[in-house]
Amino acid sequence: MPDIVTIDRLTPPQRLDGSAGRNRGIGRVQIAAIDDRSAVLAWLARYVDSPATLASYRKESERLLLWCVLQHGVALSDLTHEDMLVYQRFLANPMPTQRWVMPPGQKPARNSPEWRPFAGPLSPASTRQALSIINSLFSWLVEAGYLAGNPLALARRKRLHKAPRITRFLPMAHWHEVRLTVESLPTGTERERAHAARVRWLFSLLYIGGLRVSEVCGSVMPGFFCRRGADGKERWWLEVTGKGEKARLIPATAELMAELVQYRRSRGLPPLPSHDETTPLLIPVIGPVKPMARTAVHEIVKSVMRATAERLRLSGEPGAEATAAHIEQASTHWLRHTAGSHQSDQIDLKVVRDNLGHANIATTNTYLHAEDNARHDATSLAHRAGWMSR
């Protein structure tokens, strides 16, 4: 049985490479792809400027292509509606486990022979997300003329349409428990103090600022700047480059600025960044000053969630197990949803939309500083992490 390899090293036999797939387009093809692998890579190339999206889309398209070639024995451009039903069941239970799933607690590099495409079975929500991404792939390949039809189209039409509902966030009481964990991190040694300061700053960026993990890892300290409004009041802002390489301004509230000053002082830096500084927004505790990897940021957040859950379970209080189980599921992106949910309870939704960058901002909004100032004031008044002072 062939080894599991990444899409970059996959070399399917000719009968499975899709060069003569039954679902290949008949008319003019708008991409230079000659087989399924090159067609998938052409689709992924559209997202090179958005690392988080690229990683997510590569993961799902890679899983599908590997399953087609190494397990199902059908080229991607031969897939039918029935094949996709089989694949959906595979996502929920990728077997054999030793072939498809990484051992618990391990995350080998993509070039390692120990690398596997799955960390475990996908939940129903993750399966829906995976199929949604694959549907986007198929739709684009149809539009490009590479495929004649989308084998997921029938399945998607049969789905029940439910009102969208965000459930992956922490209610205020659960956020309070996570905050207690962050505030109680040990500070006995210099390294523990540096780690505690970094964790608190990270959670401040994710919750007060509502940043995406890619924005945390890809931004620098000079993104903070001060601007005087028409009312004569000076306000601090954080400029980040978000999804789709779109810049947006995040209100740097008084609380966020205080956390910035505290974090910089913990690293021996001046209270405020200079315009020519290159210091990343978040830096490692030891070693050279460089941006944090997204995997490292995810692990910091998960470790706090696990510690919070463990503390709650040990308390033995009524309802502690349910609260612990919910917090234990939380990820880095949950904190962004949490920020949005908590802001929405107290701030106009248009302000929340702009804070989180959910909608495109018209070019003319660049000049509407009075509107920006009102957004800054509303956010500063209503949205706080509520850290205990040290």
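Look up: the structure comes first, before these words.
Summarised in this report is the structure supplied together with it. The shown structure was predicted, so the numbers you read here are calculated from the model rather than taken from an experiment. (Residues numbered from 1 in each chain as written. Predicted model: local features only at pLDDT ≥ 70, side-chain atom pairs only at ≥ 80, totals over all residues. Heavy atoms only, no water.)

1. Points about the pattern of salt bridges
- This model, assessed by the stated rule, comprises 16 salt bridges.
- Ionic pairing is found between Glu328 and Arg313, a salt bridge with its closest N-O pair at 2.9 Å. Linking Glu328 in helix 12 (residues 320–329) with Arg313 in helix 11 (residues 294–315), this pair joins segments that are 15 residues apart in sequence.
- If you follow the salt bridges from partner to partner, you end up with Asp231, Lys233, Arg235 and Asp377 in one network. (Salt bridge = Lys/Arg side-chain N within 4 Å of Asp/Glu carboxyl O. Helix = DSSP H or I, 4+ residues; strand = E, 2+ residues; numbered from the N terminus.)

2. What about the nonpolar core?
- In terms of nonpolar packing, the biggest core is built from 49 residues, with Leu170, Trp201, Leu202, Phe203, Phe224 and Met305 touching the most fellow members.
- When residues of this core are traced back to their parent elements, those giving at least two are helix 7 (172–183), helix 8 (190–207), helix 9 (213–218), strand 2 (234–241), helix 10 (254–266), helix 11, helix 12 and helix 13 (332–344).
- In terms of residues, this core owes the most to one element, helix 8, which gives 9 residues.
- Ignoring any residue separated from it by four or fewer positions in sequence, one finds Trp201 in contact with Phe224, Leu256, Glu259, Leu260, Tyr263, Leu281 and Leu282.
- Counting residues in hydrophobic clusters, the runner-up holds 44 residues, among them Ile31, Trp43, Phe138 and Leu152. (Core = buried A, V, L, I, M, F, W, Y, C linked by side-chain atoms within 4.5 Å. Buried < 20%, exposed > 50% of the residue type's maximum accessible area, 1.4 Å probe, protein only. Contact = heavy atoms within 4.5 Å.)

3. A word on helix 7
- An ideal rise of 1.5 Å per residue puts 16 Å on 12 residues; helix 7 measures up with 16 Å between its terminal C-alpha atoms.
- Among the residues of helix 7, those classed as buried are His174, Trp175, Glu177, Val178, Arg179, Thr181 and Val182.
- Where helix 7 is buried, its residues touch helix 8, helix 11, helix 12 and helix 13. (Expected span 1.5 Å × (residues − 1).)

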